[in-house]
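Here is what each chain is made of, one letter per residue.
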Amino acid sequence: YSGAMGPRILVLNGPNLNMLGVRQPQVYGDNSYADIVEICRKAASERSAEVEVRQTNDESELLGWIHAVARERNFSAIVINPAAWTHTSVALADALVIPEVPIIEVHISNVHAREPFRHHSYVSPIAAGVIAGFGPAGYRYAVDRAVDLS
Ligand SMILES: O=C(O)[C@@H]1C=C(O)[C@@H](O)[C@H](O)C1
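Basis of the calculations
- Residues numbered from 1 in each chain as written.
- Predicted model: local features only at pLDDT ≥ 70, side-chain atom pairs only at ≥ 80, totals over all residues.
- Heavy atoms only, no water.
- Helix = DSSP H or I, 4+ residues; strand = E, 2+ residues; numbered from the N terminus.
- Rg over C-alpha atoms; globule rule 2.2 N^0.38 Å.
- Buried < 20%, exposed > 50% of the residue type's maximum accessible area, 1.4 Å probe, protein only.
- Areas by Shrake-Rupley, 256 points an atom, 1.4 Å probe, with all protein chains shown as cover.
- Lys, Arg positive; Asp, Glu negative; His and termini not counted.
- Charge placed at Lys NZ, Arg CZ, Asp CG, Glu CD.
- Phe/Tyr/Trp six-rings, centres within 6.5 Å; stacked < 30°, edge-to-face > 60°.
- Lys NZ or Arg CZ within 6 Å of the ring centre and 35° of its normal.
- 1 Å grid on protein atoms, 1.4 Å probe; cavity = no way out; pocket = protein on both sides within 12 Å on 5 of 7 lines; lining within 4 Å.
- Points joined across faces, edges and corners; volume = space filled by probe spheres on them.
- Contact = heavy atoms within 4.5 Å.
- Near = heavy atom within 4 Å.
- Polar contact = N/O pair within 3.5 Å; in protein donor to acceptor, adjacent residues only side chain to side chain.
- Sits in = over half its atoms within 2 Å of the grid points.
- Nonpolar A, V, L, I, M, F, W, Y, C, P; charged D, E, K, R; others polar.

1. Quick look at the overall build of the chain
Looking only at helices and strands, the chain has 5 helices and 6 strands in total. Across the chain, helices and strands are ordered from the amino to the carboxyl terminus as β-β-α-α-β-α-β-α-β-β-α. Taking 150 residues into account, the globule formula puts the C-alpha radius of gyration at 15 Å, and the chain, at 14 Å, falls close to it. The C-alpha extent of the chain, read off along each of the three principal axes, is 40 × 30 × 25 Å. Across the 150 residues in the chain, those meeting the buried criterion constitute 50%. For the chain, the accessible surface area stands at approximately 7100 Å², while carbon and sulfur atoms represent 51% of it. Charge separation in the chain, taken as the distance between the mean sites of 12 positive and 16 negative side-chain charges, equals 2 Å.

2. Quick notes on unusual backbone geometry
Positioned with a positive phi, glutamine 24 is a non-glycine residue whose angle comes to about 40°. Along the chain, glutamine 24 turns up in the loop between β2 (6-13) and α1 (25-28). With relative accessibility at 33%, the residue glutamine 24 sits in the partly exposed group. Unusually for a residue other than glycine, serine 48 sits at a positive phi of about 50°.

3. Some thoughts on the packing of aromatic side chains
The relative placement of two aromatic rings is captured by the distance of their centres and the angle of their planes. Under the definition given, this model contains 0 aromatic pairs. Stacked on the ring of phenylalanine 75, the Lys or Arg arginine 8 has its end atom at 4.3 Å from the ring centre. A cation over an aromatic ring shows up here: arginine 54 above the ring of tryptophan 65, its NZ or CZ 5.3 Å from the ring centre.

4. Topic: the layout of surface pockets
Each pocket or cavity is described by its volume, and for the largest pocket that value is around 160 Å³. Forming the walls of the largest pocket are 15 residues, and the residues nearest its centre are Arg23, Tyr28, Ala83, Ala84 and Arg118.

5. Quick notes on the environment of alanine 83
Along the chain, alanine 83 turns up in the loop between β4 (77-81) and α4 (90-95). Residue alanine 83 is classed as buried on the basis of its relative accessible area of 14%. Along the sequence, alanine 83 and asparagine 31 sit 52 residues apart, while their C-alpha atoms lie 16 Å from each other. Each residue touching alanine 83, except ones within four places of it in the same chain, is listed here: Gly14, Pro15 and Leu17.

6. Considering the site of the ligand
In the vicinity of the ligand, the contacting residues are Arg23, Tyr28, Asn81, Ala83, Ala84, His87, His107, Ile108, Ser109, Val111, Arg114 and Arg118. One of the side-chain N or O atoms of arginine 23 is found 2.7 Å from an oxygen atom in the ligand. Side-chain polar atom of histidine 87 to an oxygen atom of the ligand: 2.7 Å apart, as the coordinates give it. Its atoms largely coinciding with the cavity grid, the ligand occupies the largest pocket. Residue composition of the shell around the ligand, by class: 5 nonpolar, 4 polar and 3 charged.

Keep in mind these values describe shape, not function.
Set out below in structure tokens:
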């Protein structure tokens, strides 16, 4: 899908990411969630693309957003930081299988350098690619790449 402004990218953020800057700044940095939104907006504007950035702590709300994309096809790509649901949710991975809508998985921290339970992702097998460990800057490349894949 490309709107009047070009590709439309949906950026989704999972649980606890609203607490960025407060929760474990030594792991996630001291950028706030608002900073993440700004990073995504700037990355999109540099590519003349539209971006919508959302966050939820409610898995049913996240699934509803994804189902709407599958039905309405109103976004050309999805960037998602599933946060803890990366490691737990088959439902989320199933919902993200949307023909012609590439999925780019982002993690602020390097999940592979952390606890073993963070080393597995249900989302990675269905993602076009994964970015992990580059802090909030990872969202910049994720949005840029999402435009390329749109
Ligand atoms: O690095 C991140 O953005 C991810 C964020 C979380 O909240 C964790 O549950 C994930 O394991 C890692």
